[in-house]
Amino acid sequence: MAPLVRISDISLYLRCPRLVYFDSLGKLDQAADPERLLLRSMMLSLDPASDPACQLKPIMDDLLQDLPLVYEIDGALLNQAAAGLEPKLSEIAANLSCCRDRLFPSEVEVDLRSEKLRLTGRLDRLIFPDLVPSLIRTGSPPADGVWKSDRLALAGYSLMLDEMHSTRVRQGLVEYARSGTVREVEIRSIDRARALRIRDRVRQIRDGQLPDRPRDARCDQCRMRERCETRKTLASRFF
């Protein structure tokens, strides 16, 4: 039976299909970024009973003690990241205060798996009672809506939730932690279909097929550039 494809692989594929290939070989660096780790952990630690303005700084202080115990991360770099984020906490808290009722009640880090769909993933937040999937992203949001990779990730999670709960998930959220912005997403049929097509392409790549680089690949900013340029193309162009 074919192995399950992670929802994170769909996002990786959209950045560049070749990143999926190098990840399958264990060549992709997964070092934790201190600032991104802090932002994501703060969002996961939010208490629905307290105003974000009162809890973000205490949460961050606790994380400075806890995260080095969990991850291989330099404490000095973590403190430096916290110092850079502290001036932004008031803006993040103000934006979250306007929409925190949309995030709770919820369960965080929900493991989802579907043998039928050959998909698996860990959803950042599942909001009850309407089963709304929500992603936590540490980058900045686009001017409008959400990034394509976030929309398709939500489509992948919605497919698994549909199967598990015999329902039809129609809405999702993306929490852009850097600004505290929460964006709503309509989960469309076209997004579900594309998520499944990418699932199949990821499986082909993990079976050893190396795709050509997309024309719009941001190779100049890719840490795999040197290794990538030495590889010969083994598969037809996917795009």
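Before reading on, note that the structure itself is shown above.
Anyway, here's the lowdown on the structure attached to this text.

So, how was this worked out
Residue indices follow the written sequence of each chain, beginning from 1 at its first position. Only residues with pLDDT of at least 70 are given local features in this predicted model, and only at 80 or more are side-chain atom pairs given and counted; all residues enter the totals for whole chains, interfaces and linings. Hydrogens and water molecules were not included; the side-chain quantities draw on all heavy atoms of the structure. Helix and strand assignments follow DSSP, with helices taken as H or I runs no shorter than four residues and strands as E runs no shorter than two, numbered in order from the N terminus. For a compact globule the rule gives 2.2 Å times the number of residues to the power 0.38, and the radius of gyration it is set against comes from C-alpha atoms. A 1.4 Å probe rolled over the protein chains alone gives each residue an accessible area, and that area as a share of the maximum for its type sets the label: buried under 20%, exposed over 50%, partly exposed in between. We call two residues in contact whenever any of their non-hydrogen atoms come within 4.5 Å of each other. Only four residue types enter the tally: Lys and Arg on the positive side, Asp and Glu on the negative side; His and the chain ends are excluded. Where a charge lies is defined by one atom per residue type: Lys uses NZ, Arg uses CZ, Asp uses CG and Glu uses CD. Whenever Lys or Arg places a side-chain nitrogen within 4 Å of a carboxyl oxygen from Asp or Glu, that contact is recorded as a salt bridge. The definition of a polar contact used here is a pair of N or O atoms within 3.5 Å, where within protein one atom must be able to donate a hydrogen and the other to accept one, and adjacent residues in sequence count solely through side-chain atom pairs. Here an axis means a line fitted to C-alpha atoms, over the contact stretch when the element is a helix, while the angle between two N-to-C directions is reported on a 0 to 180 degree scale. Here the word oblique covers every angle except those under 35 degrees (roughly parallel), over 145 (roughly antiparallel) and from 65 to 115 (roughly perpendicular). Gly counts as polar in this scheme, as do all residues outside two lists: the nonpolar Ala, Val, Leu, Ile, Met, Phe, Trp, Tyr, Cys and Pro, and the charged Asp, Glu, Lys and Arg. By this rule, a helix spans an expected 1.5 Å times one less than how many residues it contains. The directions from the helix axis to the C-beta atoms form the arc being described.

Summing up its helical and strand segments, the protein chain has 9 helices and 6 strands in all. Here the C-alpha atoms of the protein chain give a radius of gyration of 19 Å, agreeing with the 18 Å that 2.2 N^0.38 yields for 239 residues. Across its three principal axes, the protein chain shows a C-alpha extent of roughly 55 × 45 × 35 Å. Considering the protein chain as a whole, with its 239 residues, one finds that 46% of them fall into the buried category. Look at the contacts in the protein chain between residues 6 or more apart in sequence, and 68% of them connect residues 24 or more apart. Counting 39 positive and 36 negative side-chain charges, the protein chain places the centres of these two groups 9 Å from one another.

Moving on: the pattern of salt bridges. Throughout the structure, instances matching the rule amount to 20 salt bridges. Of the charged contacts, one joins Asp-23 and Arg-6 as a salt bridge, the two residues approaching to 2.7 Å between their closest N and O atoms. Of this pair, Asp-23 sits in helix H2 (residues 17–24) while Arg-6 sits in strand E1 (residues 5–6), and the two are 17 residues apart along the sequence. Assessed through its relative accessible area of 36%, Arg-6 is described here as partly exposed. Ionic pairing is found between Arg-102 and Glu-184, a salt bridge with its closest N-O pair at 3.6 Å. Here the residue Arg-102 occupies a position in the loop between helix H6 (89–97) and strand E2 (106–114), and Glu-184 occupies one in strand E6 (residues 181–186), the gap between them amounting to 82 residues. What makes Arg-102 partly exposed here is its relative accessible area of 35%. Residue class for Glu-184 comes out exposed when judged on its relative accessible area of 52%. Each of Arg-40, Glu-109, Asp-124, Arg-137 and Asp-150 takes part in one network of salt bridges that share partners.

By secondary structure assignment, the location of Arg-199 is in helix H8 (residues 189–206). Of note is the side chain of Arg-199, whose polar atom sits 2.8 Å from the backbone oxygen of Leu-117. Every residue in contact with Arg-199, bar those within four places of it in the chain, is listed here: Val-5, Leu-117, Arg-118 and Leu-119.

Topologically, Gln-80 is positioned in helix H5 (residues 75–85). For Gln-80, a relative accessible area of 57% puts it in the exposed group. In sequence terms Gln-80 and Leu-4 are 76 residues apart; their C-alpha atoms lie 38 Å from each other.

Below, the discussion takes up the environment of His-165. Here His-165 is to be found in helix H7 (residues 148–165). Sequence separation of His-165 and Leu-131 is 34 residues, and the distance between their C-alpha atoms is 8.9 Å.

Axis separation between H7 and H8 bottoms out at 8 Å; the angle between their running directions is 90°. By the angle class used here, H7 and H8 are roughly perpendicular. Contacts between H7 and H8 involve Lys-148, Arg-151, Leu-152, Ala-155, Gly-156, Ser-158, Leu-159 and Asp-162 from the former and Asp-191, Arg-192, Arg-194, Ala-195, Leu-196 and Ile-198 from the latter. Looking at the contact of H7 with H8 residue by residue, the class counts come to 6 nonpolar, 2 polar and 6 charged.

Take H8 next. Taking 1.5 Å of rise per residue, the 18 residues of H8 would be expected to cover 26 Å, and the 26 Å separating its terminal C-alpha atoms lies within 8% of that figure. Buried residues of H8: Asp-191, Arg-192, Ala-195, Ile-198, Arg-199, Val-202 and Ile-205, and no others. Mapping the buried residues of H8 onto a view down its axis gives an arc of 135°, with all of them on the same face. Taken from the residues just after H8, Gly-208 is the one with a positive phi, measuring 115°.

None of the figures reported here should be taken as evidence of function without further support.
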